[in-house]
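Each chain, written out:
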Amino acid sequence: MHLLDARRLTGVNLDLDGPGAIAEVEFAAGDDVARAIAVWQASVAAAARLLGWDAPTVVRRWSGDRGAALVFPAPPDALYVAVDVTEWAVECAVRALAGEPARDLRELAPELLAARERERIAILPALQAAADVHAVPLLLDDETVSLGAGAGSRAWPRAAAPAPADVPWDSLRSIPVALITGTNGKTTTARLLARIARTAGHVPGNTSTDGLAVAEQVVETGDWTGPGAARIVLRDPRVTLAVLEVARGGILRRGLAVDRCDAACITNVSADHLGEHGIDDLAGMARVKAVVTRVVAPHGRIVLGADAPASVPPAASDMSSGTLPREHVASDMPSETPPASALLDLPAAEFPAPVVWFSRDAAHPQLRRHRAAGGEVWFVSPAGDLTRGRGAEPDVALVPIAELPFCFGGAATHNVANALAAAALASALGLSDETIAAGLRSFVDNPGRAQLVELDHARLFLDFAHNPAGIAGLAPLLAQIRAGARLLVSLGIAGDRRDDDIRDIARAVASLGPDLVLTRDLEHYLRGRAPGEVPALLEESFAGLGIACERVDSEVAAIRRGLAWARPGDVVAILVHVDRDEVWAELRARGVTDEAGVRRSGHPGST
């Protein structure tokens, strides 16, 4: 047995309804797993008694007993001490398995007690109780304690946390908060909801994989999907509505930033990041994503996608230029028996708020069942309208899909789903149907997602698709864009994917029917892999699929090679598009001078 990681959990997480500490351990062949866990639990209990805590332990054993997550709750102002405790408890278990005596807690006690006093905020319990009475959130991190949210918030240095009597409670309030998670579609759905909110007169604060934005203006670039990013938005005095993208990694590593929100959405769940933190299958990943549903207020709504992600054909047959594999075409068509979404198996009885389901298919069985029970559903009507249905009430058509530029006339089926999710969330937050329709109609700028750039003799397509479902889901759109012309696909994959996952991604790219594939390293996402290791795996897979493949060293190099290769009308698709600044510097050098005016999310052929 050895320790993989020990860390703080700063909010609601997969295993706890509040903060605590987690140790992730790996077991060796022959380890007495039950004994190791029992020793860890007994050691945590002894340290908790010393510190005056009630710390019931949670054990999440990984499949095959290859490891476990060992978790216990702790006060929010004692999390570093809690990590010290779990590290000592794991050490006790390791020594027990080796037949060695553990380090005596009495030796460690002075150090733990002193650390606890250094970390303690004496006024915090009283302040939290007062915040609960006034129905405003309290947010805490290493430097700051804040009360209220956004335009109704006030912050103090952690060391100067106020007494309840000194807080200007009348000036504090909460703001509407939406959480968005899922395997694919999170960022676009969050951007769509931010646009709708701004159309309604709000100042939205938005966190996403691409950055942190206020009033749709990026203030920080990078991956801002963890609880730290959420706290920045929730403390910004300009913000009147928060749209927070929540990634799997943030949930597992730290937990949520909030313990209450007004709406939460899970767009979909597909095979990505499996094998990490003991999450090995879609059911386990669905449970991770469902953490966001546990903090939805009873008056709120939980928005769930009923459609399974796009399927990947099992073979490279029927992949001639401009032809979609028959299996993939079928997966995107309405069906009486659509593939089952992993979200359908979530225990609905445990949800704290009403559920809203969405699907592109108006006849989806889950939507029919839910609506028959009086529930709310969102779908695309046979006439092509984005539509809401509630129980026996008449359908309400909000806007034709054909009028939404980012849906490419409906060919961007993934963005149709994102529009449904955003509309359902906006409605849950109390925004009007007219505002939802106007916001969606006006959304034409979606950087890094389904950007189509017209060059002199070719079309450049930029997208962040990075897993099998996301890549396969682009097939209908790319088929429409290429219209029989040739297709070049360039991609790089982060190194934290398993070898089999990388091979599955190659199969997904093959399902697009490319004439040439360019592989590359993602320089800043090697994540333990040697340079060139991931491209080599991809190239091996493409060779087995009979697809021509070359290697380049960057996105810019891929664009240069692609445009040199392209004939008039050909399409060059750059997937896992992350080098945005470098790519747009290259495009501007080629005469594309106005990024805002480039047609990158409109229907092909539109102006």
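No experiment lies behind these values; they were computed from the predicted model shown.

### Thoughts on the overall build of the chain
Item 1. When its secondary structure is counted, the chain shows 18 helices and 24 strands.
Item 2. Taking the principal axes of its C-alpha atoms as reference, the chain extends roughly 75 × 60 × 50 Å.
Item 3. A total of 607 residues make up the chain; the buried ones form 57% of that total.
Item 4. Relative to all contacts within the chain whose residues are 6 or more apart in sequence, the contacts with residues 24 or more apart total 69%.
Item 5. Working note: accessible area of the chain is about 23600 Å², and carbon and sulfur atoms make up 52% of it.
Item 6. The averaged location of the 77 negative side-chain charges in the chain is 2 Å from the averaged location of its 59 positive side-chain charges.

### Brief notes about the packing of aromatic side chains
Item 1. The full count for this structure, using the stated rule, is two aromatic pairs.
Item 2. Their ring planes at 50 degrees and their centres at 6.4 Å tell us that Trp40 and Phe72 sit as a pair that is tilted. Note that Trp40 is positioned in helix H1 (residues 33-51) and Phe72 in strand S4 (residues 67-73), a separation of 32 residues in sequence.
Item 3. By relative accessible area, Trp40 is classed as buried at 0%.
Item 4. A residue is classified by how much of its surface remains accessible, and Phe72, at 1% relative accessible area, is buried.
Item 5. Relative to Phe443, the ring of Phe406 has its centre 5.4 Å away and its plane inclined at 90 degrees; by these criteria the two rings are edge-to-face. With Phe406 in the loop between strand S18 (396-400) and helix H11 (413-428) and Phe443 in the loop between helix H12 (433-441) and strand S19 (451-454), the pair connects residues that are 37 residues apart, well separated along the chain. An identical accessibility class is assigned to Phe406 and Phe443; each is buried.
Item 6. When the ring centre of Trp565 is taken as origin, the NZ or CZ atom of Arg486, which lies over that ring, is 3.9 Å away.

### Structural notes on the pairing of S4
Item 1. The element S4 is extensively covered by neighbouring structure, given that six of its seven residues are classed as buried.
Item 2. Where strand S2 (residues 20-26) and S4 come together, seven bridges link them in antiparallel fashion. Bridged to Glu24 within S4 is Ala69.
Item 3. Relative to S4, strand S3 (residues 58-61) runs antiparallel, the two sharing four bridges. Bridge pairing in S4 links Arg61 to Ala68.
Item 4. Between S3 and the antiparallel strand that follows it, S4, lie five residues; Gly64 among them carries a positive phi value of about 70 degrees.

### Let's talk about the sheet that holds S4
In sheet architecture, strand pairing relies on hydrogen bonds along the backbone and comes in two forms, parallel and antiparallel.
Item 1. Ordered in space as S1-S2-S4-S3, the four strands form an open sheet in which the pairing is antiparallel. Every other strand in the sheet has two partners, leaving strand S1 (2-9) and S3 as the edge strands with one partner each. Going from strand to strand, the sheet's axes swing by 15 degrees on average, the running direction of each strand aside.
Item 2. The strands touched by H1 within the sheet are S3 and S4, with S3 carrying the most contacts at an inclination of about 155 degrees.
Item 3. Docked against the sheet, helix H2 (residues 79-97) engages S1, S2 and S4, running at close to 160 degrees with respect to S1.

### Points about the confidence of the model for the chain
Item 1. Per-residue pLDDT for the chain averages 89, and the proportion of residues at 70 or more is 92%.
Item 2. Low pLDDT (under 50) marks residues 315-337, which in the prediction has 45 contacts with non-local residues, meaning those over four places away or in another chain.
Item 3. The low-confidence segment residues 595-607 (pLDDT under 50) makes 39 contacts with residues lying over four places distant or belonging to another chain.

### Concerning the packing of helix H17 (residues 555-565) against helix H18 (residues 580-589)
Item 1. Look at H17 against H18: their axes get within 9 Å of each other, and the N-to-C directions meet at 35 degrees. From H17, Glu555, Val556, Ile559 and Arg560 reach across to H18, where they touch Glu582, Val583 and Glu586.
Item 2. Here the contact of H17 with H18 is built from residues that sort into three nonpolar, no polar and four charged.

### Considering H1
Item 1. Over its 19 residues, H1 runs 27 Å from end to end, which matches the ideal 27 Å to within 8%, given 1.5 Å per residue.
Item 2. Of the residues making up H1, those classed as buried are Val33, Ala36, Ile37, Trp40, Ser43, Val44, Ala47, Ala48 and Leu51. Along the axis of H1, the buried positions cluster into a sector of 135 degrees, meaning they face one direction only.
Item 3. Just past H1, the residue Gly52 takes up positive phi, approximately 80 degrees.

### A short note on the pattern of salt bridges
Item 1. Counted according to the given criterion, the structure contains 39 salt bridges.
Item 2. Here Arg66 makes a salt bridge to Asp280, at a shortest N to O gap of 2.8 Å. Here Arg66 is found in the loop between S3 and S4, whereas its partner Asp280 is found in the loop between strand S13 (261-266) and helix H8 (282-289), with 214 residues between them in sequence.
Item 3. Residue classification places Arg66 among the partly exposed positions, given a relative accessible area of 30%.

### Focus on the sheet that holds strand S21 (residues 487-491)
Item 1. An order of S19-S20-S24-S21-S22-S23 is seen for the six strands of this open sheet, with the pairing classed as mixed. Looking along the sheet, the strands with just one partner apiece sit at the ends: S19 and strand S23 (549-551). The sheet shows a mean angle of 20 degrees between the axes of neighbouring strands, taken without regard to direction.
Item 2. Looking at chain direction, strand S22 (residues 516-519) and S23 are connected through three bridges and run parallel. Its bridge partner lying in S23, Val517 is registered against Cys549.

### Remarks on the side chain of Thr86
Item 1. With respect to the element layout, Thr86 can be found in helix H2.
Item 2. When neighbours within four sequence positions are excluded, Thr86 is seen to be in contact with Ala6, Ile22, Ala23, Trp40, Leu70 and Phe72.

### Quick notes on unusual backbone geometry
Item 1. The phi dihedral of Glu216 is positive, around 65 degrees, even though this residue is not glycine.
Item 2. You can see Glu216 is positioned in the loop between strand S10 (211-214) and strand S11 (217-221).
Item 3. Positive phi, close to 50 degrees, is recorded for Ala450, a residue that is not glycine.
Item 4. Within the element layout of this structure, Ala450 appears in the loop between H12 and S19.
Item 5. Under the relative-accessibility criterion, Ala450 is labelled buried at 1%.

### A closer look at the pairing of S2
Item 1. With six of seven residues buried, S2 lies mostly within the body of the structure.
Item 2. Two strands pair when backbone bridges link them, and S1 and S2 are joined in this way by seven bridges, in the antiparallel orientation. Counted as the bridge partner of Leu3 is Val25 from S2.

Conventions we followed
- Residues numbered from 1 in each chain as written.
- Predicted model: local features only at pLDDT ≥ 70, side-chain atom pairs only at ≥ 80, totals over all residues.
- Heavy atoms only, no water.
- Helix = DSSP H or I, 4+ residues; strand = E, 2+ residues; numbered from the N terminus.
- Buried < 20%, exposed > 50% of the residue type's maximum accessible area, 1.4 Å probe, protein only.
- Contact = heavy atoms within 4.5 Å.
- Areas by Shrake-Rupley, 256 points an atom, 1.4 Å probe, with all protein chains shown as cover.
- Lys, Arg positive; Asp, Glu negative; His and termini not counted.
- Charge placed at Lys NZ, Arg CZ, Asp CG, Glu CD.
- Phe/Tyr/Trp six-rings, centres within 6.5 Å; stacked < 30°, edge-to-face > 60°.
- Lys NZ or Arg CZ within 6 Å of the ring centre and 35° of its normal.
- Pairing = 2+ DSSP bridges.
- Axes fitted to C-alpha atoms, helices over the stretch in contact; angles between N-to-C directions.
- pLDDT = per-residue confidence, 0-100.
- Nonpolar A, V, L, I, M, F, W, Y, C, P; charged D, E, K, R; others polar.
- Expected span 1.5 Å × (residues − 1).
- Arc of directions from axis to C-beta.
- Salt bridge = Lys/Arg side-chain N within 4 Å of Asp/Glu carboxyl O.

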